[in-house]
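# Residue-level structural notes
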Amino acid sequence: QVQLVESGGGLVQAGGSLRLSCAASGGTFSSYRMGWFRQAPGKEREFVARIHWSGGSTFYADSVKGRFTISRDTAKNTVYLQMNSLNPEDTAVYYCAAQLRWGMPYDYWGQGTQVTVSA
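Below is a short write-up of the structure. These figures come from a predicted structure and were not determined experimentally. (Residues numbered from 1 in each chain as written. Predicted model: local features only at pLDDT ≥ 70, side-chain atom pairs only at ≥ 80, totals over all residues. Heavy atoms only, no water.)

### Let's talk about the pattern of salt bridges
The criterion, for reference: Only one rule defines a salt bridge in this text: a Lys or Arg side-chain nitrogen within 4 Å of an Asp or Glu carboxyl oxygen. Note on classification: 1.4 Å probe, protein chains only; a residue is buried when its accessible area is under 20% of the maximum for its type, exposed when over 50%, partly exposed between these limits.
Taken as a whole and assessed by the stated rule, the structure comprises five salt bridges. Where Asp-107 meets Arg-101, a salt bridge forms, and the shortest distance between an N and an O atom there is 3.4 Å. For Asp-107, a relative accessible area of 29% puts it in the partly exposed group. Classification of Arg-101 by relative accessible area gives partly exposed; the value is 46%. Three or more residues are tied together by salt bridges with common partners; here these are Arg-38, Glu-46, Arg-67 and Asp-90.

The structure is reproduced here in structure tokens:
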């Protein structure tokens, strides 16, 4: 059973940084794309970034491009989201997800980690 566990959220001032981690277990992830999503209060969940586990190719939402960096450590089965220059609009619950088949819904989701950016 695939499990994704996020960590690293917290409270940070505007302009600060946080690094989120997503520990994956219970599967072989070489064929997966790993994504980060976020959901702010009263808003729909939105895509943030994704990375192909084996090739390492990345893609970002325009709202975070240049500020956030997604990466993975294949030895640790962990995906990271380095978030710099945070602003209050980045406040949300951040979710890690795994997608096995391109173009299909993500197959597995973590429980989420709260990120709060104060002005």
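### Here's the deal with the side chain of Ser-21
Basically, it comes down to this: Put simply, DSSP marks the helices as runs of H or I at least four residues long and the strands as runs of E at least two long, and each gets a number from the N terminus on. When checking whether two residues touch, look at their non-hydrogen atoms; a contact exists if any pair is within 4.5 Å.
For Ser-21, the location among the structural elements is in strand S3 (residues 18-25). Those residues within four positions of Ser-21 in sequence are excluded, and the remaining contacts are Val-5, Glu-6, Ser-7, Trp-36, Thr-78, Val-79 and Tyr-80.

### Remarks on the sheet that holds strand S7 (residues 68-73)
Going by this rule: Being paired, for any two strands, means DSSP has found at least two bridges between them. To obtain each axis, a line is fitted to C-alpha atoms, and for helices this fit is confined to the stretch in contact; angles are then taken between N-to-C directions over 0 to 180 degrees.
Ordered by their spatial adjacency, four strands build an open sheet running S1-S3-S8-S7, and the pairing between neighbours is antiparallel. One side of each edge strand has no neighbouring strand; the edge strands of this open sheet are strand S1 (3-7) and S7. On average, each strand axis in the sheet is inclined to that of its neighbour by 15 degrees, with strand direction left out of account. With six bridges connecting them, S7 and strand S8 (residues 78-83) associate as antiparallel partners. The residue bridging Ser-71 from the neighbouring strand is Tyr-80, located in S8.

### Observations concerning the pairing of S3
Regular strands place side chains that alternate from one sheet face to the opposite one. Of the pairings in the sheet, the one linking S1 to S3 comprises five bridges and is antiparallel in character. By the bridge assignment, Ser-7 is partnered in S3 with Ser-21. When S3 meets S8, the two strands line up antiparallel, connected through six bridges. Its bridge partner being in S8, Leu-20 is matched across the sheet by Leu-81.

### A few points about the packing of aromatic side chains
The geometry of an aromatic ring pair is captured by two quantities: the separation of the ring centres and the angle between the planes. Let me state the cut-off plainly: Side-chain rings of Phe, Tyr and Trp, where Trp is taken by its six-membered ring, are said to pair if the distance between their centres is within 6.5 Å; with planes under 30 degrees apart they count as stacked, over 60 as edge-to-face, and otherwise as tilted. Should the NZ of a Lys or the CZ of an Arg lie within 6 Å of a ring centre and within 35 degrees of the ring normal, that charge is described as sitting over the ring.
This structure, assessed with the given rule, holds eight aromatic pairs. A ring pair is formed by Phe-29 and Trp-53, whose centres lie 5.6 Å apart and whose planes are at 35 degrees; its orientation type is tilted. Here Phe-29 is found in the loop between S3 and strand S4 (33-39), whereas its partner Trp-53 is found in the loop between strand S5 (46-52) and strand S6 (58-60), with 24 residues between them in sequence. Comparing Phe-29 with Trp-53 shows no difference in burial state: the two are buried. Each member of the aromatic cluster is reached from another via a ring pair, and the members are Phe-37, Phe-47, Phe-59, Tyr-106 and Trp-109. The side chain of Arg-45 reaches across the aromatic face of Trp-109, ending 3.8 Å from its centre.

### A look at the nonpolar core
Rule in force here: Among the buried residues, those of types Ala, Val, Leu, Ile, Met, Phe, Trp, Tyr and Cys that are joined through side-chain atoms within 4.5 Å form a nonpolar core.
The biggest cluster of nonpolar side chains holds 31 residues, and the ones touching the most others in it are Met-34, Trp-36, Leu-81, Met-83 and Tyr-94. The set of elements that each furnish at least two residues to this core consists of S3, S4, S5, S7, S8, strand S9 (92-99) and strand S11 (113-118). Discounting residues that sit within four places of it in the chain, Met-34 has contacts with Leu-4, Cys-22, Ala-49, Arg-50, Ile-51, Trp-53, Ile-70, Val-79, Cys-96, Ala-97, Ala-98 and Tyr-106.

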